[in-house]
Amino acid sequence: MKQYLLLAILFVTTITTYSQSLTKEEKKLYNLIMKYRAEKGLPSIPISLSLTIVAHTHVRDLQQNNPNQKPCNMHSWSANGKWTPCCYTPDHAQAQCMWDKPKELTSYQGAGYEVSCGGSNDITAEEALKSWKESPGHNAIIINQDVWKSSTWNAIGIGLYKKYSVVWFGEEKDQEIETDEAIQQVEKENTEPTQQIRMRITIPKIFVKNIKETIAFYKNLGFKTDTMEPNEKNPSFVLMTCGSSAFMFQTFSSLGNDLPQIKRQNGASLLLYIDMKGIRLFYEKIKNKVKILKGLEKTSYGTAEFSIVDNNNYILTFAESEE
């Protein structure tokens, strides 16, 4: 059981870094960009949760799948993910592919605009900003010049991974990620500073009898397998993700003598409430693949909801605000 607890802890750290927070070098790049904007008399841009997810996703797609093969440039996306692939060419014919990525991957409803760069070796924050400052088109986006002069950036996402770096800009406000520097400043200004606790992400860990059936079921909902232990042939632990949602599943048999309360036969009641976008399209897509417990309907409190039962008899309720 200890190895799975460690794996769970490692995963929480990984998904926080991958999707919701910045690495040390990414924080450095963010600070360098904000310093550069300040020198031009421009305000800082809040770090966006959604655009950070997009940036982290794209920079890894570039590194792992290389969609930027001529004539495609670094705004391109491969076909190896749950997004619309595209070959972004210098004529900007596929600009919509860039603009729509935040909507595809997150709940962010505004358009996204990206600057990107890459090198033959692992890139640093200084190298990335230097590259963009030397490119008139990229530089204009960062410091709101030329066609971007009338734009007001209210959200930014930073991604830096091995050979590539990308930064996403948006005009719509979003849930913010606070940098360590911002937290430290708040604590410094507080006359009675206290340790701040911020819940970043909740990942349900669900114990199941048949993990292979569980994997197959959740793949029908659009989830993909990110981590599987000890191996694909006979897994006892799996991490599955879809967008910024994640579940960890583990077999009862792998518990050994740990946490005996989980092994009780009657179990505990559990309902997983999932906030989402595009619920009506999603309902039509999966309604014939799963057991519907309660059909799609508009509630008195303004959300469209439906509930299903998974292969382990857990209830999943999907909801979208339509007010």
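Owing to the predicted nature of the structure, the values given are computational and were not obtained by experimental measurement.

A.B. asks: Any details on the overall build of the protein? Residues and values, ideally.
C.D. replies: The helix and strand tally for the protein stands at 10 helices and 13 strands. Here the protein, with 323 residues, has 45% of them falling under the buried criterion. The contacts of the protein with a sequence gap of at least 6 include a subset with a gap of at least 24, amounting to 58%. In the form shown here, the protein has an accessible surface area of approximately 17700 Å², with 49% of it arising from carbon and sulfur atoms.

A.B. asks: Any details on the sheet that holds strand S9 (residues 245–251)? Residues and values, ideally.
C.D. replies: Pairing in this open sheet of 4 strands is mixed, and the strands run S6-S9-S8-S7 from one edge to the other. Each end of this open sheet is capped by a strand with a single partner; those strands are strand S6 (205–208) and strand S7 (224–229). In this sheet, neighbouring strand axes are inclined to one another by 25 degrees on average, regardless of whether the strands run parallel or antiparallel.

A.B. asks: Just give me the short version of the packing of aromatic side chains, but keep the residues and values in it.
C.D. replies: Counted by the stated rule, this structure contains 16 aromatic pairs. Through a chain of ring-to-ring contacts, the aromatic side chains of Phe217, Tyr218, Phe223, Phe247 and Phe249 assemble into a single cluster. Against the face of Tyr161 rests Arg60, its NZ or CZ located 4.3 Å from the ring centre.

A.B. asks: Break down helix H6 (residues 125–133) for me, citing the residues and quoting the values.
C.D. replies: Here H6 has its buried residues at Ala125, Ala128, Leu129 and Trp132. The buried residues of H6 occupy one face: seen down the axis, they fall within an arc of 90 degrees. Contacts made by the buried residues of H6 are with helix H2 (24–39), strand S2 (113–118), helix H7 (136–142), strand S3 (155–161) and strand S4 (164–170).

A.B. asks: Can you lay out the state of the cysteines for me, pointing to particular residues and giving the numbers?
C.D. replies: Here the structure, examined in full by the defined rule, presents 2 disulfides. Each disulfide pairs two cysteine sulfurs, and for Cys86 the partner residue is Cys97, the sulfurs being separated by 2.1 Å. Measuring the twist about the S-S bond at about -80 degrees, one finds the Cys86-Cys97 disulfide to be left-handed. Here the residue Cys86 occupies a position in the loop between helix H3 (49–65) and helix H4 (95–99), and Cys97 occupies one in helix H4, the gap between them amounting to 11 residues. Residue Cys86 shares its accessibility class with Cys97, and that shared class is buried. Each disulfide of the protein joins two cysteines, and with those cysteines numbered along the sequence the arrangement is 1-3, 2-4.

A.B. asks: I'd like a rundown of the nonpolar core, residues and numbers included.
C.D. replies: Where a protein is soluble and globular, its nonpolar side chains tend to be buried together. Membership of the largest hydrophobic core comes to 30 residues, with the highest contact counts inside it found for Leu29, Ile33, Trp132, Ile156, Val167 and Phe169. Of all the secondary structure elements, the ones that give two or more residues to this core are H2, H3, S2, H6, H7, S3 and S4. Broken down by element, this core gets its largest block of residues, 5 residues, from H2. Each residue touching Ile33, except ones within four places of it in the same chain, is listed here: Leu129, Trp132, Ile142, Ile158 and Val167.

A.B. asks: Tell me about the environment of Gly222, residues and numbers included.
C.D. replies: Here Gly222 lies in the loop between helix H9 (211–220) and S7. A C-alpha to C-alpha distance of 8.4 Å links Gly222 and Lys82, two positions 140 residues apart in sequence. Discounting chain neighbours no more than four positions away, the residues touching Gly222 are Lys82, Thr241 and Cys242.

A.B. asks: Help me get a handle on the environment of Thr299, residues and values and all.
C.D. replies: Structurally, Thr299 is set in the loop between strand S11 (291–298) and strand S12 (303–309). Along the chain, Thr299 and Ser321 lie 22 residues apart, while their C-alpha atoms are 9.6 Å from each other.

A.B. asks: Summarise unusual backbone geometry; cite the residues concerned and give the values.
C.D. replies: Here Lys70 and Pro71 are connected by a cis peptide whose omega angle stands at 10 degrees. Mapping Pro71 onto the fold places it in the loop between H3 and H4. Here the residue pair Glu229 and Pro230 is connected by a cis peptide bond, since its omega of 0 degrees sits within 30 degrees of zero. Among the structural elements, Pro230 can be located in the loop between S7 and strand S8 (237–242). A positive phi angle is found at Asn66, which is not glycine, with a value near 50 degrees. Classification of Asn66 by relative accessible area gives partly exposed; the value is 32%. Its identity as a non-glycine residue notwithstanding, Asn144 has a phi of 50 degrees, on the positive side. Tracing the chain through its elements places Asn144 in the loop between H7 and S3. Looking at Asn144, the relative accessible area reads 11%, which means it is buried.

What counts and how
Residues numbered from 1 in each chain as written. Predicted model: local features only at pLDDT ≥ 70, side-chain atom pairs only at ≥ 80, totals over all residues. Heavy atoms only, no water. Helix = DSSP H or I, 4+ residues; strand = E, 2+ residues; numbered from the N terminus. Buried < 20%, exposed > 50% of the residue type's maximum accessible area, 1.4 Å probe, protein only. Contact = heavy atoms within 4.5 Å. Areas by Shrake-Rupley, 256 points an atom, 1.4 Å probe, with all protein chains shown as cover. Pairing = 2+ DSSP bridges. Axes fitted to C-alpha atoms, helices over the stretch in contact; angles between N-to-C directions. Phe/Tyr/Trp six-rings, centres within 6.5 Å; stacked < 30°, edge-to-face > 60°. Lys NZ or Arg CZ within 6 Å of the ring centre and 35° of its normal. Arc of directions from axis to C-beta. Disulfide = S-S within 2.5 Å. Core = buried A, V, L, I, M, F, W, Y, C linked by side-chain atoms within 4.5 Å.

Fair warning: the whole summary comes from geometry, so function is off the table for now.
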